[in-house]
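Below are the chains, spelled out letter by letter.
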Amino acid sequence: MLRLLGVVVSIGLADSMNPSTIAPALYMATGDTPLRELIEFTLGVFAVFFLGGALIVLGPGEALLSIVPHPSATTRYILEVLAGVAMLVASALLWRRRERLSRRTLPSPKKGSRSSLLLGVTISAVELPTAFPYFAAIAAIVGSGLGLGQRLVLLVIYNACFVLPLMLIIATVAIAGDRAEAVLTRTRAFLERRWPLLLAGFALLAGGFVTLLGVTGLTSSGHGRVARFSKHLRHAIT
């Protein structure tokens with residue numbers, strides 16, 4: 001469970017550096033009612049991603065577990081390696097395209113066009129089908145063979161990590177008050193220039209950590225099988 005928690009938190013934190021959610025939140029922080037708008041936006045993002053993940057866990061995930069109710073340790077370690085490799089590939093792609101991506105304009109909500117809650121739901125619904133790090137984490141969660149309640153708790157933890165930057169923006173607005181606008185405006189300007197590098201770096205760290213977890217698990221599992229085989233062989237000889 002602790003290994004899987006490490007996988008979920010690592011990928012969730014790396015995935016949280018998402019300009020599609022952070023940029024609108026930073027823009028809202030300079031609005032007329034920033035705290036309310038930010039809270040509504042964050043709830044919309046969290047709800048869509050959690051419900052989307054839960055549907056996958058309850059649908060294809062439950063069907064898979066009905067066929068393989070207790071995945072082996074080796075299967076779980078392989079899924080961890082695949083999740084880590086997916087993050088490493090994403091990091092490499094972001095690095096290769098960093099110059100082109102940095103020239104893209106980050107999304108900014110139009111004032112008065114829609115509620116912040118609806119905006120969070122809309123952005124998340126568009127992002128969810130291409131949320132490959134999330135799918136990698138879900139695959140590891142489903143492959144763990146844990147009970148439904150535990151899998152849903154892990155989804156909550158992942159999505160709490162995913163919206164952590166948004167919660168930090170909310171905390172900044174709540175604590176700093178009028179001073180928050182200047183700080184968050186500079187943060188948005190920095191993000192506009194550097195977000196591909198930041199996202200690639202977080203994906204690299206998370207991917208390396210998760211891959212290492214899976215590889216060490218496979219190695220220890222292999223050593224265990226060799227040790228058991230040697231023990232049985234000695235018993236057969238004697």
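Residues numbered from 1 in each chain as written. Predicted model: local features only at pLDDT ≥ 70, side-chain atom pairs only at ≥ 80, totals over all residues. Heavy atoms only, no water.

A look at the overall build of the protein chain
- A tally of helices and strands in the protein chain yields ten helices and zero strands.
- Along the protein chain, from the amino end to the carboxyl end, the secondary structure elements read α-α-α-α-α-α-α-α-α-α.
- Of the contacts made within the protein chain by residues no fewer than 6 positions apart, 88% connect residues no fewer than 24 positions apart.
- Total accessible area computed for the protein chain in this model is approximately 12700 Å², and 69% of it derives from carbon and sulfur atoms. (Helix = DSSP H or I, 4+ residues; strand = E, 2+ residues; numbered from the N terminus. Contact = heavy atoms within 4.5 Å. Areas by Shrake-Rupley, 256 points an atom, 1.4 Å probe, with all protein chains shown as cover.)

Some points on the nonpolar core
- Ranked by internal contacts, the top residues of the largest apolar core, which has 52 residues, are Ile 11, Leu 38, Phe 41, Tyr 134, Leu 155 and Ile 169.
- At nine residues, the largest contribution of residues to this core is made by helix H10 (residues 180-237).
- Apart from the residues within four sequence positions on either side, Leu 38 is in contact with Ala 25, Met 28, Ala 29, Ile 169, Ile 170 and Val 173. (Core = buried A, V, L, I, M, F, W, Y, C linked by side-chain atoms within 4.5 Å. Buried < 20%, exposed > 50% of the residue type's maximum accessible area, 1.4 Å probe, protein only.)

Focus: the packing of helix H7 (residues 132-143) against helix H8 (residues 148-162)
- One way to put it is that H7 packs onto H8 with a least axis distance of 10 Å and a crossing angle of 155°. Classified by the interaxial angle, the pair formed by H7 and H8 is roughly antiparallel. The handedness of the crossing between H7 and H8 is right-handed. On H8, the residues touching Pro 133, Tyr 134, Ala 137, Ile 138, Ile 141 and Val 142 of H7 are Arg 151, Leu 154, Leu 155, Tyr 158 and Asn 159.
- Class assignment for the residues of the contact of H7 with H8 results in nine nonpolar, one polar and one charged. (Axes fitted to C-alpha atoms, helices over the stretch in contact; angles between N-to-C directions. Parallel < 35°, antiparallel > 145°, perpendicular 65-115°, else oblique. Left-handed = near helix turned anticlockwise from the far one by under 90°. Nonpolar A, V, L, I, M, F, W, Y, C, P; charged D, E, K, R; others polar.)

Quick word on helix H1 (residues 2-15)
- Helix length check: H1, at 14 residues, gives a terminal C-alpha distance of 20 Å against a target of 20 Å (1.5 Å per residue), a fit within 8%.
- Every buried residue belonging to H1 is among Leu 4, Gly 6, Val 7, Val 8, Ser 10, Ile 11, Gly 12, Ala 14 and Asp 15, and all of these are buried. (Expected span 1.5 Å × (residues − 1).)

Side note on the pattern of salt bridges
- Considering all chains together, one arrives at one salt bridge under this definition.
- Here Glu 40 ties to Arg 36 by a salt bridge, and the two come within 3.3 Å at their closest N and O atoms. Of this pair, Glu 40 and Arg 36 both sit in helix H3 (residues 34-67), four residues apart, which is roughly one turn of the helix.
- On the basis of relative accessible area, Arg 36 is assigned to the partly exposed category, the value being 45%. (Salt bridge = Lys/Arg side-chain N within 4 Å of Asp/Glu carboxyl O.)

A look at the environment of Cys 161
- Among the structural elements, Cys 161 can be located in helix H8.
- Separated by 147 residues in the primary sequence, Cys 161 and Ala 14 place their C-alpha atoms 8.7 Å from one another.
- Non-local contacts of Cys 161, meaning those with residues more than four positions away in its chain, are made with Val 9, Gly 12, Leu 13 and Ser 16.

With respect to the packing of aromatic side chains
- Counted under the stated rule, the structure contains five aromatic pairs.
- For the pair Tyr 134 and Tyr 158, a centre-to-centre distance of 4.7 Å together with 20° between the ring planes defines the contact as stacked. Of this pair, Tyr 134 sits in helix H7 while Tyr 158 sits in helix H8, and the two are 24 residues apart along the sequence. Assigned by exposure class, Tyr 134 and Tyr 158 land together as buried.
- By the ring-pair criterion, three or more aromatic residues cluster together here, those being Phe 49, Tyr 134, Tyr 158 and Phe 162. (Phe/Tyr/Trp six-rings, centres within 6.5 Å; stacked < 30°, edge-to-face > 60°.)

A look at the environment of Ala 189
- Mapped onto the elements of the fold, Ala 189 is located in helix H10.
- Take Ala 189: its relative accessible area is 29%, and that puts it in the partly exposed class.
- Sequence separation of Ala 189 and Ala 23 is 166 residues, and the distance between their C-alpha atoms is 9.6 Å.

As for the packing of helix H2 (residues 19-28) against helix H6 (residues 116-127)
- Viewed as axis vectors pointing N to C, H2 and H6 meet at an angle of 165°, and their least axial separation amounts to 10 Å. Classified by the angle between their axes, H2 and H6 sit roughly antiparallel to one another. Regarding H2 and H6, the two cross each other, and that crossing is right-handed. Contacts between H2 and H6 pair Ser 20, Thr 21, Pro 24 and Met 28 from the former with Ser 116, Leu 119, Ile 123 and Glu 127 from the latter.
- Each residue belonging to the contact of H2 with H6 can be placed in one class, and the counts come to four nonpolar, three polar and one charged.

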